[in-house]
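This is what each chain is made of:
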Amino acid sequence: MQKMAFPGRHALHEPSHSHIPSSYAPLLDPATTSAFEAPDRQCRRRRSSVVALPLMAVLLVVALFSVVALVTNGNKPNPMVSTPPESQQPENMIPSRRGETEGVSLKSFRPLLGAPKYSWTKKLLAWQKTGFHFQPKKNWMNDPNGPVFYKGWYHFFYQYNPYGAVWGNIAWGHAVSRDLIHWRHLPMAMVPDDWYDINGVWTGSATILEDGRLVMLYTGSTNESVQVQNLAYPADPLDPLLVDWVKYPGNPVLVPPPGIGSKDFRDPTTAWLTPQGKWRFIIGSKLNKTGISLVYDTKDFKTYELLNGLLHSVPGTGMWECVDIFPVSKIVENGLDTGENGPGVKHVVKTSLDDDRNDYYALGTYDGETGKWIPDDPINDVGIGLRYDYGIFYASKTFYDQEKKRRVLWGWIKETDSENADIQKGWASVQAIPRTILFDKKTGTNILQWPVEEVERLRMSKKVFDKVEAKPGSIVPLHVGFATSQLDIVAEFEVDKVALESINDTDHTTYSCPTSHGAAQRGALGPFGLLVHTDNHQTEQTPVYFYISKDTEGNFKTFFCADHSRSSEAIDVDKAIYGSTVPVLEGEKLSMRILVDHSIIESFAQGGRTCITSRIYPMRAVYENAGIFLFNNATDATITASLHIWQMSSAYAHS
Amino acid sequence: MMKILISVILLIIMVVQTYAESASASQNKDPPLVVSTCKNTPHYRLCLAVLRRSPRSAKADVWELALIAVGAVKTEAERAMDAIKKVRKGGEGKEVAAALKQCEEVYDAVLEGDVQEAEEGLKLGDPKFAENGMADAVVEADSCEGGFAGVGKSPLSRVNSAVHDIAEVARAIIRNLL
């Protein structure tokens, strides 16, 4: 039995707001208490009756007590045993919502004395709703589904819980738009009312056939929790709003094949035509801990042929959810239809990893004859290399917009506050602003993501700042003259050339956004950038910044990070620091764009080479109390920033 | 007389020793999956205790073990709700009342949101939602406890700690399924 000081006493004297006393009563656990002691064996010796009788009595009592203790041990908690005080460090108080395997910073916020008592008011919660990001009027949303352009309308479907603000009862919500920004909500397209999807109408994708007909393939969770694929199509193909849908009576059209787990078979992609004239799509799964992508061919979407061999697989990545494959052109500046291939074409393969809730992609070559894809760089293969976004961004899916000839990406942005707050505010999750995807010709190793140009139509008043200087260790308020909850910011930074050249060997090999101390960690050449959702005293602040490191040979590495360690005084929100390196080529200025929209910000560096989406839940820096600032926390380099800042109007959804 | 007494004592000794043996024997009878699963959680012995409580754990796979752990979180959260109601009758000050109200809200979220979501995620085979639910339960328990900071001694420390730890165990078990 471990001998421990009763921690409760310390808890009483602790001034810290966030210390949780670690005294705790374990449940039934006979192993921890050795209340049972072997009775004294001396009683077996014969003794004279004068001594023996009282001795016997004592031993009887001891033995009886032991029996009683053993029998009742499981029912009464033993207050003397407590768990080891492993949670005394404030850093461990707020667990990361995502897997801790990422090395995400777990810094908690130390409230100032006299800080407002933590509680979410209606006003604070109302502020969190976005002005121009897609979200249903209320309740829970997750994966984007079946995005498609059809008869003049952009259609968007999504995983939706009609009954509450947490995941469950999943149906397909539906909305339409002319411009990917202003949305009209429609009735749910599909609900879980057949045995083959009664436990959830899950994710799926749209395919437009040669004759223009639209079919939808989606995953259903059956009455026995088996994951199957089902076919659905518009009840009236002439209705451009596609309000009503019909499920194919012969569903399911696909069940898990031999060797694939019944719970490891979901999220079919859009199909494309093979050289043999069949429709082909992929679907993710796993074999033990290897993430895989199965390939199916079909002529009629009713019967299918599983190809021998996989599109691709990567050991150790776990379940591949929401896989995607699409071509990008190395030559032209527009997107390509899903079925295109050729010498000027590369293929992106993407997966959402169940394991760490991030979306990964890799560039490679797809062979239409064999149905196989090979990565350009196996070291940065799918799931172990580049991410679409280094913040909160999951279950993403692209579609080809044949109207404007672009490849458009949707991404699910979940909440990073508590579910209690979600239930109180009555909704959870938004979608990112749709992004175009292009091959990054300059690096050849990345794709570029950029918010669709239609979002720029929301720009209203503009404020321009030309060559604002920020010396090392300075904060410069940016007086824009309008509210700062909905903004589009485009900024360029120049770093003092002398400092860049003369500094030698900074923390080149050790720096990383998630493990750093964020904007507070000063280097010679960074961090510098912008503070958004920041009050006048910077009590709450959200830095989005660059950090430059340099090695002994004079090679630079640039990091792009978003720091949420002080975004909010609330203790029940995620406080991670997100980000990654961003390639910066010779002659390029450092540039960033930030879409600020209440509780979501989307940050893009170097034209979308590295992206970070994050959620922010301030308790002070809201409405008229929030502003934006330029900051430079480098120790040596002066920076000069030029900015265009627009106030953004809202995009109201029509019912 | 002496012989009778000695016999009685020997009998008691034997009975007690049998209990002791069966207590330690039941540890050795833990299914290997239970032992290995619990070793991968931050609270090994608590995990064993939680899983042992359910007779289903003897033949359970990891999905079932995860469901048992989620059930234990539910039980503790229900206890928290009961405790809140009991503590409330005391005519406490405004700040304590506010803290208790917040605890009631967060435990409502644990029961209606986190546990619900976790059970569905496990039953339907989309375990990431189960992990999210259990990760959130930890946050909710911490915020209930945190609501008493600077206000007074928390009357719910024990149960908040229990929810916190068991939810951490449940989350760790669920991670095996991802």
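Everything quoted here is computed from the prediction, not taken from an experiment.

Visitor: Would you mind going over the overall build of chain B with me for this structure?
Guide: Each helix and strand counted, chain B has seven helices and zero strands in total. Along chain B, from the amino end to the carboxyl end, the secondary structure elements read α-α-α-α-α-α-α. The C-alpha atoms of chain B give a radius of gyration of 21 Å, which is well past the 16 Å a tight globule of 178 residues would have. Within the span of chain B, comprising 178 residues, buried residues form 58% of the whole. Taking contacts inside chain B between residues at least 6 apart in sequence as the whole, the part at least 24 apart equals 68%. In the form shown here, chain B has an accessible surface area of approximately 7,400 Å², with 56% of it arising from carbon and sulfur atoms. Taking the 22 positively charged and 25 negatively charged side chains of chain B as two groups, their mean positions are separated by 8 Å.

Visitor: Would you take a moment to explain the overall build of chain A for this structure?
Guide: The helix and strand tally for chain A stands at five helices and 35 strands. Here chain A holds 655 residues, and the buried ones make up 61% of them. Across chain A, the fraction of contacts at a sequence separation of at least 24, relative to all contacts at a separation of at least 6, is 65%. For chain A, the accessible area works out to roughly 25,600 Å², and carbon and sulfur atoms hold 54% of it.

Visitor: When you look at the sheet that holds strand S17 (residues 372–375) of chain A in this model, what are you seeing that I'm missing?
Guide: Backbone hydrogen bonds are what pair the strands of a sheet, in a parallel or an antiparallel way. All names here are of chain A. Spatial ordering of the open sheet is given by S14-S15-S16-S17, a layout of four strands whose pairing is antiparallel. The two strands at the open ends of the sheet, each matched to only one other strand, are strand S14 (320–329) and S17. When strand polarity is set aside, the average angle formed by the axes of neighbouring strands in this sheet is 40°. Pairing of S14 with strand S15 (residues 345–353), which is carried by eight bridges, proceeds in the antiparallel orientation. Residue pairing for S15: Val-328 is matched across the bridge by Lys-346.

Visitor: Can you help me understand the packing of helix H4 (residues 62–88) of chain B against helix H5 (residues 94–124) of chain B in this one?
Guide: Each pair of packed helices gets described by two things: the angle between the helix axes and the distance between those axes. Residues and elements named next belong to chain B. For the pair H4 and H5, the least separation of the axes is 10 Å and the interaxial angle reads 165°. Taken together, the axes of H4 and H5 are roughly antiparallel relative to one another. Note on packing geometry: the crossing formed by H4 with H5 is left-handed. Considering only residue class, the contact of H4 with H5 consists of 18 nonpolar, one polar and eight charged.

Visitor: Looking at this structure, how should I read the domain arrangement of chain A?
Guide: Size of an interface, as often reported, equals the accessible area lost when the parts are brought together. Residues and elements named next belong to chain A. What the domain assignment reports for chain A is domain 1 (141–453) and domain 2 (460–648). Look at where the C-alpha atoms of domain 1 and domain 2 centre, and you get two points 32 Å apart. If you look at the interface, domain 1 gives 27 residues, while domain 2 gives 25 residues. Both sides of the domain 1 and domain 2 interface together cover about 2,100 Å² of buried area, and 55% of this is carbon and sulfur. By the criterion of area lost to domain 2, the three top residues of domain 1 are Tyr-390, Thr-416 and Trp-450, representing 29% of everything that side buries. Connecting domain 1 to domain 2 are three salt bridges.

Visitor: For this particular structure, what's the right way to read the sheet that holds strand S26 (residues 486–495) of chain A?
Guide: Residues and elements named next belong to chain A. If you walk across this open sheet you meet the six strands as S24-S35-S26-S31-S32-S33, and the pairing is antiparallel. What marks the edges here is a single partner per strand, and that holds for strand S24 (459–470) and strand S33 (610–615). Recorded for the sheet is a direction-independent mean angle of 15° between the axes of neighbouring strands. Relative to strand S32 (residues 600–605), strand S31 (residues 590–597) runs antiparallel, the two sharing six bridges. Its bridge partner being in S32, Arg-593 is matched across the sheet by Phe-604.

Visitor: How do you make sense of a nonpolar patch on the surface when you look at a structure like this?
Guide: A contiguous nonpolar surface patch, about 280 Å² in accessible area, is contributed by Leu11(B), Met14(B) and Val15(B). For Met14(B), the location among the structural elements is in helix H1 (residues 2–28).

Visitor: I'm lost on the UniProt feature "domain: Pectinesterase inhibitor" (unreviewed entry) in chain B in this one. Help?
Guide: Here the UniProt-annotated "domain: Pectinesterase inhibitor" (unreviewed entry) positions come out as residues 29–173 of chain B. Measuring from the first to the last C-alpha atom of residues 29–173 of chain B gives 20 Å, for a span that is 77% helix and 0% strand.

Visitor: How do you make sense of the side chain of Thr203(A) when you look at a structure like this?
Guide: Residues and elements named next belong to chain A. Along the chain, the position of Thr-203 falls in strand S5 (residues 201–208). In terms of polar contacts, Thr-203 uses its side chain to reach the side chain of Asp-143, at 2.7 Å. Setting aside residues no more than four positions away along its own chain, Thr-203 makes contact with Asp-143, Pro-144, Asn-145, Gln-159, Trp-172, Tyr-218, Thr-219, Asp-267, Pro-268, Cys-322 and Lys-397.

Visitor: Please explain the environment of Asn176(B) as it appears in this structure.
Guide: Within the secondary structure layout, Asn176(B) lies in the segment after helix H7 (157–175). In sequence terms Asn176(B) and Thr37(B) are 139 residues apart; their C-alpha atoms lie 8.3 Å from each other.

Visitor: It is not clear to me how the nonpolar core should be interpreted in this structure. Could you clarify?
Guide: Most often, soluble globular proteins have nonpolar side chains that are buried together. In this structure, Ile489(A), Phe493(A), Leu530(A), Leu630(A) and Ile645(A) are the most contacted members of the largest nonpolar core, which totals 61 residues. Formed jointly, this core draws a minimum of three residues from each of two domains, domain 1 (141–453) and domain 2 (460–648) of chain A. One finds Leu46(B), Ala80(B), Ala137(B) and Leu156(B) within the second-largest nonpolar core, a separate group that totals 48 residues.

Visitor: Explain the state of the cysteines to me, please; I cannot follow it from the model alone.
Guide: Joining two cysteines, a disulfide is a covalent bond between their sulfur atoms. All names here are of chain A. According to the stated counting rule, one finds three disulfides over all chains in the structure shown. Cys-513 shares a disulfide with Cys-561; S-S distance 2.2 Å. Across the S-S bond of Cys-513 and Cys-561 the torsion is about -65°, and the bridge reads as left-handed. Taken together, the residues Cys-513 in the loop between helix H5 (497–502) and strand S27 (525–534) and Cys-561 in strand S29 (residues 556–563) connect sequence positions 48 residues apart.

Visitor: When you look at the packing of aromatic side chains in this model, what are you seeing that I'm missing?
Guide: Centre-to-centre distance and the angle between the planes together describe a pair of aromatic rings. All names here are of chain A. Applying the stated rule across the entire model yields 38 aromatic pairs over all chains. Look at Phe-134 and Trp-183: their rings are 5.4 Å apart centre to centre, the planes differ by 80°, and that puts the pair in the edge-to-face class. Here the residue Phe-134 occupies a position in the loop between helix H3 (122–128) and strand S1 (139–150), and Trp-183 occupies one in strand S4 (residues 183–190), the gap between them amounting to 49 residues. Relative to Phe-546, the ring of Phe-528 lies with its centre 6.2 Å away and its plane at 45°, an arrangement referred to as tilted. Residue Phe-528 is found in strand S27, and its partner Phe-546 is found in strand S28 (residues 542–550); the two are separated by 18 residues along the sequence.

Visitor: What exactly am I supposed to notice about the pattern of salt bridges here?
Guide: Per the counting criterion, the structure on display carries 42 salt bridges over all chains. When the shortest N-O distance is used, the salt bridge between Lys128(B) and Glu321(A) registers 2.9 Å. With Lys128(B) in helix H6 (residues 127–146) and Glu321(A) in strand S14, this residue pair bridges two chains. Each member of the pair, Lys128(B) as well as Glu321(A), is classed as buried. Salt bridges linked by common partners bring Arg266(A), Glu321(A), Asp354(A), Asp126(B) and Lys128(B) together as one network.

Calculation criteria
Residues numbered from 1 in each chain as written. Chains lettered and ligands numbered in written order. Predicted model: local features only at pLDDT ≥ 70, side-chain atom pairs only at ≥ 80, totals over all residues. Heavy atoms only, no water. Helix = DSSP H or I, 4+ residues; strand = E, 2+ residues; numbered from the N terminus. Rg over C-alpha atoms; globule rule 2.2 N^0.38 Å. Buried < 20%, exposed > 50% of the residue type's maximum accessible area, 1.4 Å probe, protein only. Contact = heavy atoms within 4.5 Å. Areas by Shrake-Rupley, 256 points an atom, 1.4 Å probe, with all protein chains shown as cover. Lys, Arg positive; Asp, Glu negative; His and termini not counted. Charge placed at Lys NZ, Arg CZ, Asp CG, Glu CD. Pairing = 2+ DSSP bridges. Axes fitted to C-alpha atoms, helices over the stretch in contact; angles between N-to-C directions. Parallel < 35°, antiparallel > 145°, perpendicular 65-115°, else oblique. Left-handed = near helix turned anticlockwise from the far one by under 90°. Nonpolar A, V, L, I, M, F, W, Y, C, P; charged D, E, K, R; others polar. Domains from an automatic or database assignment. Buried area = accessible area lost by both parts, 1.4 Å probe. Salt bridge = Lys/Arg side-chain N within 4 Å of Asp/Glu carboxyl O. Patch = residues over 30% accessible without salt bridge, like charges linked within 9 Å, V, L, I, M, F, W, Y side chains within 5 Å. UniProt positions renumbered as here; feature names shortened; annotations may be inferred. Polar contact = N/O pair within 3.5 Å; in protein donor to acceptor, adjacent residues only side chain to side chain. Core = buried A, V, L, I, M, F, W, Y, C linked by side-chain atoms within 4.5 Å. Disulfide = S-S within 2.5 Å. Phe/Tyr/Trp six-rings, centres within 6.5 Å; stacked < 30°, edge-to-face > 60°.

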